[in-house]
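Breakdown of the fold
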Amino acid sequence: LPDGSEQLRPCVSGLRRAALQSRELSSIRTFSDGFLLKFLRARDFDVELSLKLLLNYQRWRRESPEISTCLSPSSVLGLLNTSYHAILPQRDHTGSRVLIYRIGQWNPKDWSAVQVFRISLMTSEVISMETETQRRGVKAIFDLQGWSLGHALQITPSLARKISCVLQDSFPLKVRGIHLVNEPMFFRPVFAMIRPFLPDKIKQRIHIHGADFHDTLSDFFSLPILPPEYGGEGPCIEEACQDWTNQLLQSEKLLQQIAAHPTGDIAITPEDSLISEEVETEQTPEG
């Protein structure tokens, strides 16, 4: 829906009403417009599907406190400073955000898989507040050069399930594509453990490029946005990693607010302040 659509207010009001009526969310009395819009955009303004996604999101947060309650970039600054993770400064031709993860920069002796996953969640929370990202979704490039047995041993079946839940039905972001490059043969058992949990739609969006990825990546991403290390003409990966690390650090207070109270008013952007009369104390019908 466009920002000025007359259907916007009824959709937000309908999702708020359904959330307030849900027994599973009975302890939460405030759902800001910006928070609800994330879920509506992620499900193309289908209120029923948006409520299901919202319930899954809250359930995932309750079941994964070791990840969801500690959203502090400074706590994993050492890993971020290895140039492990970046968001490219430019969106792709479809408007999607492009994320890069460089697994070889993660030393499993120093950092647990839970801490690594926490970085991904922090990034997702920050960019999910961007209206354009809510609409256009994200694409991820996983560079698996340097993947080792130490990395594989960190990915337990329980963590694999939690990762797959975020990818498919527990986070308000549209996953438009997942691209694997430089994957070694012994990565396949780990991928085989995660794959059964994924819906067919996500499976169809996973692309395995191997070591000769420079030519095939360009079939999906324009060269001006990709770093030279990935066959493109954009800023180098080290620069992109440092820029995103700085942005995460600047979002520390914001992320702590999200960890404590994700459903409330948290730095809503002007374009999301579309419904001026938010009724935070809206009551459910009697009975």
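Before any of the text, the structure's been laid out above.
Residues numbered from 1 in each chain as written. Predicted model: local features only at pLDDT ≥ 70, side-chain atom pairs only at ≥ 80, totals over all residues. Heavy atoms only, no water.

**Side note on the packing of aromatic side chains**
The description of an aromatic ring pair uses the distance of the two centres, along with the angle that the planes make with each other. Taken as a whole and judged by the stated rule, the model has nine aromatic pairs. Taking the centre distance of 6.2 Å and the plane angle of 55° together, the rings of phenylalanine 35 and tyrosine 57 count as tilted. Here phenylalanine 35, found in helix α2 (residues 33-42), pairs with tyrosine 57, found in helix α3 (residues 47-63); they are 22 residues apart in sequence, far enough to count as distant. A relative accessible area of 2% means that phenylalanine 35 is categorised as buried. Among the aromatic residues, those joined into a ring-pair cluster are Phe31, Phe35, Phe39, Tyr57 and Phe171. (Phe/Tyr/Trp six-rings, centres within 6.5 Å; stacked < 30°, edge-to-face > 60°. Helix = DSSP H or I, 4+ residues; strand = E, 2+ residues; numbered from the N terminus. Buried < 20%, exposed > 50% of the residue type's maximum accessible area, 1.4 Å probe, protein only.)

**As for the pairing of strand β4 (residues 175-181)**
Burial analysis of β4 places six of its seven residues in the buried class, the great majority of the element. Where strand β3 (residues 138-143) and β4 come together, six bridges link them in parallel fashion. Each bridged residue has a counterpart across the sheet, and for aspartate 143 the counterpart in β4 is valine 181. Bridge count between β4 and strand β5 (residues 206-210): four bridges; the pairing is parallel. The partner of histidine 179 across the bridge, within β5, is histidine 207. (Pairing = 2+ DSSP bridges.)

**Re α3**
Between the first and last C-alpha of α3 there are 24 Å, a value that for 17 residues agrees with the 24 Å anticipated at 1.5 Å per step. For α3, the set of buried residues is Ser50, Leu51, Leu53, Leu54, Leu55, Asn56, Tyr57, Gln58, Trp60 and Arg61. Residues of α3 that are buried sit in contact with α1 (8-21), α2, α4 (65-68), α6 (113-127), α9 (157-168) and α14 (252-260). At the N-terminal boundary of α3, the capping side chain belongs to aspartate 46, with an oxygen 3.1 Å from the backbone nitrogen of glutamate 48. (Expected span 1.5 Å × (residues − 1). Contact = heavy atoms within 4.5 Å. Polar contact = N/O pair within 3.5 Å; in protein donor to acceptor, adjacent residues only side chain to side chain.)

**Remarks on the sheet that holds strand β1 (residues 85-87)**
The five strands are arranged β1-β2-β3-β4-β5 in an open sheet whose pairing can be described as mixed. The open sheet has two free edges, formed respectively by β1 and β5, since each of these has just one partner strand. Averaged over all adjacent pairs, the angle separating strand axes in this sheet is 15°, with direction ignored. (Axes fitted to C-alpha atoms, helices over the stretch in contact; angles between N-to-C directions.)

**Concerning the pairing of strand β2 (residues 97-102)**
Among the six residues in β2, six count as buried, and that is most of the element. Residues Arg97, Leu99 and Tyr101 of β2 are buried on one face, and the alternating residues Val98, Ile100 and Arg102, pointing to the opposite face, are buried as well. Bridge count between β1 and β2: three bridges; the pairing is antiparallel. Bridge pairing in β2 places histidine 85 opposite tyrosine 101.

**Some details on the pattern of salt bridges**
It is possible for side chains bearing opposite charge to pair when their charged atoms get close. Within the structure shown, the criterion is met by twelve salt bridges. Linking lysine 162 and glutamate 66 is a salt bridge whose minimum nitrogen-to-oxygen distance equals 2.6 Å. Here lysine 162 is found in helix α9, whereas its partner glutamate 66 is found in helix α4, with 96 residues between them in sequence. Judged by relative accessible area, which is 9%, lysine 162 ranks as buried. Taken together, the shared-partner salt bridges connect Glu24, Arg59 and Arg62 into one network. (Salt bridge = Lys/Arg side-chain N within 4 Å of Asp/Glu carboxyl O.)

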